[in-house]
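If you want the building blocks of each chain, they are given just below.
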Amino acid sequence: MSMPLSETNTNLIPLDLSRFFEVHPVLETERLILRPITLADAQNVYEYASDPEVAKYMIFPTHTSIADSIKWLENVPDEFARKERINFAITQKPDEKFIGACSFHHISVEHRRIEIGYVLNRKYWGTGYMTEAVREMIRFAFEELQMHRVAATCDLDNVRSTRVMERCGMALEGTLRDYEFRHGKFVSTMTYAILNRN
């Protein structure tokens, strides 16, 4: 006989993620290193954030000058200090070429859930780099952060992003119609997630 939901998983040990906010984690895959993103990355951030084809799917407005990128980067350490977000620069091996960024956010210790976000310079679309990075983020979230649920969202028409999430084993959970107002219009978003079954 199945147990009521309130009686299941009652022995979960409370999570302590403080060590991940004392020393910023660095993740590594076969072709990539995901390292802390810094002010020194401003020009590289501007390169993708000023591209209308990239920015149209992102929550931020298209950057019109490098000052926009610097302003965003100046907030990164504060978000980390508040334990709200862990931002990474996505860099290629072996020369550490900056090609994009990704992050953990909406972190819930109580509910053991986390969301991920990602963006890639258009020059590197279709290379498999983002799938590689997202797979590592999911692994880290489950194995190191001890999360139960990893979620991500994307625009309804962002086919490339949906393919990344599907390749990484994430399942579509629903569509939120006209959920955000961005770039002068209402945008419907899709939510994908994967659960830790271990």
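Please refer to the structure higher up on the page.
Small disclaimer: the values here were computed from a predicted structure and weren't measured. (Residues numbered from 1 in each chain as written. Predicted model: local features only at pLDDT ≥ 70, side-chain atom pairs only at ≥ 80, totals over all residues. Heavy atoms only, no water.)

J.: Go over the packing of aromatic side chains with me, naming the residues and quoting the values.
T.: By convention here, two paired aromatic rings are described through the distance between centres and the angle between planes. This structure, assessed with the given rule, holds seven aromatic pairs. Plain terms: the ring middles of Phe 21 and Phe 80 are 5.3 Å apart, the flat faces sit at 45 degrees to each other, and that makes the pair tilted. Placement of Phe 21 in the segment before β1 (27-28) and of Phe 80 in helix α3 (residues 66-81) is noted, with a sequence separation of 59 residues between them. Exposure remark for Phe 80: the relative accessible area of 15% places this residue in the buried category. Ring centres of Tyr 48 and Phe 98 lie 6.4 Å apart, and the angle between their planes is 5 degrees; on these two criteria the pair is classed as stacked. Residue Tyr 48 is found in helix α1 (residues 42-49), and its partner Phe 98 is found in strand β4 (residues 98-108); the two are separated by 50 residues along the sequence. Side by side, Tyr 48 and Phe 98 carry an identical accessibility label, which is buried. Here a set of aromatic residues connected by ring pairs shows up, and it is made of Phe 20, Phe 88, Phe 104 and Phe 140. (Phe/Tyr/Trp six-rings, centres within 6.5 Å; stacked < 30°, edge-to-face > 60°. Helix = DSSP H or I, 4+ residues; strand = E, 2+ residues; numbered from the N terminus. Buried < 20%, exposed > 50% of the residue type's maximum accessible area, 1.4 Å probe, protein only.)

J.: Break down helix α5 (residues 159-167) for me, citing the residues and quoting the values.
T.: Ser 161, Thr 162, Val 164 and Met 165 are the residues of α5 that are buried. The buried residues of α5 occupy one face: seen down the axis, they fall within an arc of 155 degrees. Considering only its buried residues, α5 is in contact with β5 (113-120), α4 (129-143), β6 (149-155) and β8 (185-195). (Arc of directions from axis to C-beta. Contact = heavy atoms within 4.5 Å.)

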